[in-house]
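# Residue-level structural notes
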Amino acid sequence: MSPDQLSIGELLTATVPMVRTLNLEYLETTPERAVLALPDQGEYRNHVGGPHAGAMFTLGESASGAVVLAAFGDQFSRAVPLPVTAEIAFKKIALGPVKATATLGRPVAEVVAELDEGKRPEFPVTVAIQREDGAVTGEMTVVWTLRPNS
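Residues numbered from 1 in each chain as written. Predicted model: local features only at pLDDT ≥ 70, side-chain atom pairs only at ≥ 80, totals over all residues. Heavy atoms only, no water.

### Focus on the environment of Arg 106
Here Arg 106 lies in the loop between β4 (98-104) and α4 (108-116). The class of Arg 106 is buried, set by a relative accessible area of 16%. For Arg 106 and Leu 22, which are 84 residues apart along the polypeptide, the C-alpha to C-alpha distance reads 29 Å. Beyond its immediate sequence surroundings of up to four residues, Arg 106 is in contact with Val 111, Glu 114, Glu 122, Phe 123 and Pro 124. At 2.5 Å, the side chain of Arg 106 and the backbone oxygen of Glu 122 are in polar contact. (Helix = DSSP H or I, 4+ residues; strand = E, 2+ residues; numbered from the N terminus. Buried < 20%, exposed > 50% of the residue type's maximum accessible area, 1.4 Å probe, protein only. Contact = heavy atoms within 4.5 Å. Polar contact = N/O pair within 3.5 Å; in protein donor to acceptor, adjacent residues only side chain to side chain.)

Here you go:
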């Protein structure tokens, strides 16, 4: 199967080793939103029995990257997507499987217009991490840029 025929989840699973290491599951990926799941795995639990903070960070960052790929994949011949900053807040104890929902923070057309003007646009992706009962256990913001190719 060529990269053109792979879904975003399949492509990222095939090309990003950390996604495979944590067994992340891509549940939904659109240009506006991506939803990923982190299964409950004993080897990635912390001292209180929930997913380790590093695993939850990777889940959230991976969800943000999936929405960036879906929104701006057609721009990658002229610009490289890069995370600029990432911030995570842990709100409640996460136990069991968790999922991350990433939402693009600016309209795609607005970001592409800045790229067209020769600028290096930045845009936030917000992420909510939730337990199975729906409680938000973490909130994350990843600011991304599209760095124009030289």
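Here the narrative resumes, following the displayed structure.
### Quick look at the packing of aromatic side chains
Summed over the entire model, instances satisfying the criterion amount to one aromatic pair. Look at Phe 72 and Phe 123: their rings are 4.8 Å apart centre to centre, the planes differ by 45 degrees, and that puts the pair in the tilted class. Linking Phe 72 in helix α3 (residues 53-72) with Phe 123 in strand β5 (residues 122-131), this pair joins segments that are 51 residues apart in sequence. For the residue pair Phe 72 and Phe 123, the accessibility class agrees, reading buried in each case. (Phe/Tyr/Trp six-rings, centres within 6.5 Å; stacked < 30°, edge-to-face > 60°.)

### Some words on a nonpolar patch on the surface
Residues Val 48, Ile 93 and Leu 95 make up a contiguous nonpolar surface patch of roughly 260 Å² in combined accessible area. Note that Val 48 resides in the loop between β2 (33-38) and α3. (Patch = residues over 30% accessible without salt bridge, like charges linked within 9 Å, V, L, I, M, F, W, Y side chains within 5 Å. Areas by Shrake-Rupley, 256 points an atom, 1.4 Å probe, with all protein chains shown as cover. Salt bridge = Lys/Arg side-chain N within 4 Å of Asp/Glu carboxyl O.)

### Side note on unusual backbone geometry
Backbone geometry places Asn 23, a non-glycine residue, at a positive phi of 60 degrees. Take Asn 23: it is sitting in the loop between α2 (17-22) and β1 (25-29).

Taken by themselves, the reported measurements are silent on function.
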